[in-house]
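# Per-entry structural report
Now for the letters of each chain:
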Amino acid sequence: MPEKGDRLKTLLHVCCGPCASSCIPRLREEGIDGITLLFANSNIDTREEFEKRKAAAEVLAKAEGVKIETLEYDHGDWLEKVAKGFENEPEKGRRCERCFRYNLAKAAEYAARNGFDAYTTSLTVSPHKVTGMIFAAASAAAPFLEMDFKKKEGFKKSVGRAAELGLYRQAYCGCEFSKAESERRSGK
Ligand code: SF4
């Protein structure tokens, strides 16, 4: 595993702009620079929603002076390889585990292909996600940097920074199943 504190050329998989907003300063605090963002989220339910979240991540990249790359959106592939047979799983369940594995594999492959020293993910910011499950889902195709971005008030800081930048903040995790769950919870 790469050491924090090395000046690593690091790829940050960005689940969304708001979550990533506290990860960039946190990586810099750790002495990790050379950050590039990767928006690789075929888990998102519609192209329209994908584009909205991507635009927010681009605003963040510009504000932080970092590059951002995007992988092609293919929700059909995600439904087939991740969700099929796991549609009724609750959040934090097996569908999410498979989803992390899918997105992190794409990020790891991208990192390996493009000469990054390491990759990590903004997914650990969310209090709705289990950090250990995310770490366990990381692909070994490239060195994974185990950053628990919830620590040091990461989520609270992300809410503040996202508001400062006026970033679009979604009301559900990403897939149609999480949207339905969130609507049920809020009584819609
Ligand atoms: S709830 Fe979120 S993490 Fe879980 S499968 Fe859906 S998009 Fe992926």
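For the structure itself, consult the block above.
Here's a quick rundown of the structure. All values reported here derive from a predicted model rather than from experimental measurement.

What counts and how
- Residues numbered from 1 in each chain as written.
- Predicted model: local features only at pLDDT ≥ 70, side-chain atom pairs only at ≥ 80, totals over all residues.
- Heavy atoms only, no water.
- Buried < 20%, exposed > 50% of the residue type's maximum accessible area, 1.4 Å probe, protein only.
- Helix = DSSP H or I, 4+ residues; strand = E, 2+ residues; numbered from the N terminus.
- Pairing = 2+ DSSP bridges.
- Core = buried A, V, L, I, M, F, W, Y, C linked by side-chain atoms within 4.5 Å.
- Contact = heavy atoms within 4.5 Å.
- Axes fitted to C-alpha atoms, helices over the stretch in contact; angles between N-to-C directions.

To continue, consider the pairing of strand β4 (residues 118-121). Side chains of β4 alternate between two faces, with Ala118 and Thr120 and Tyr119 and Thr121 buried alike. Summarising the sheet, strand β1 (residues 10-13) and β4 pair through four bridges and their orientation is parallel. Its bridge partner lying in β4, Leu11 is registered against Tyr119.

Glancing now at the nonpolar core. Residues Leu12, Leu27, Leu37 and Tyr119 are the most contacted members of the largest nonpolar core, which totals 49 residues. Take this core: its biggest share by element is seven residues, from helix α4 (residues 94-113). The contacts of Tyr119, once residues within four sequence positions are left out, are Leu11, Leu104, Ala107, Ala108, Ala111, Ala138, Ser139, Ala142, Pro143, Phe144 and Leu145. Within the second largest apolar cluster, seven residues are counted, among which are Trp78, Val82, Ala83 and Cys99.

Before going further, it helps to examine the sheet that holds β4. Taken together, four strands build an open sheet; the order of strands is β3-β2-β1-β4 and the sheet is parallel. The sheet is open, and its two borders are formed by β3 (67-70) and β4, each paired with just one other strand. Strand-to-strand twist in this sheet, taken as the mean axis angle between neighbours without regard to direction, amounts to 25°. As defined by bridge partners, strand β2 (residues 35-39) adjoins β3 across four bridges and the pair is classed as parallel. Bridge pairing links Thr36 to Lys67 in β3. Seen against the sheet, helix α2 (residues 47-64) touches β2 and β3 and runs at an angle of roughly 170° to β2. Set on the sheet, α4 makes contact with β1, β2, β3 and β4; between it and β1 the angle comes to about 155°.

Let's shift gears to the side chain of Gln170. Tracing the backbone shows Gln170 in the loop between α6 (154-165) and α7 (176-185). Among the residues examined, Gln170 registers a relative accessible area of 18% and is labelled buried. When sequence neighbours within four positions are dropped, the list of residues in contact with Gln170 reads Cys16, Glu49 and Arg53.

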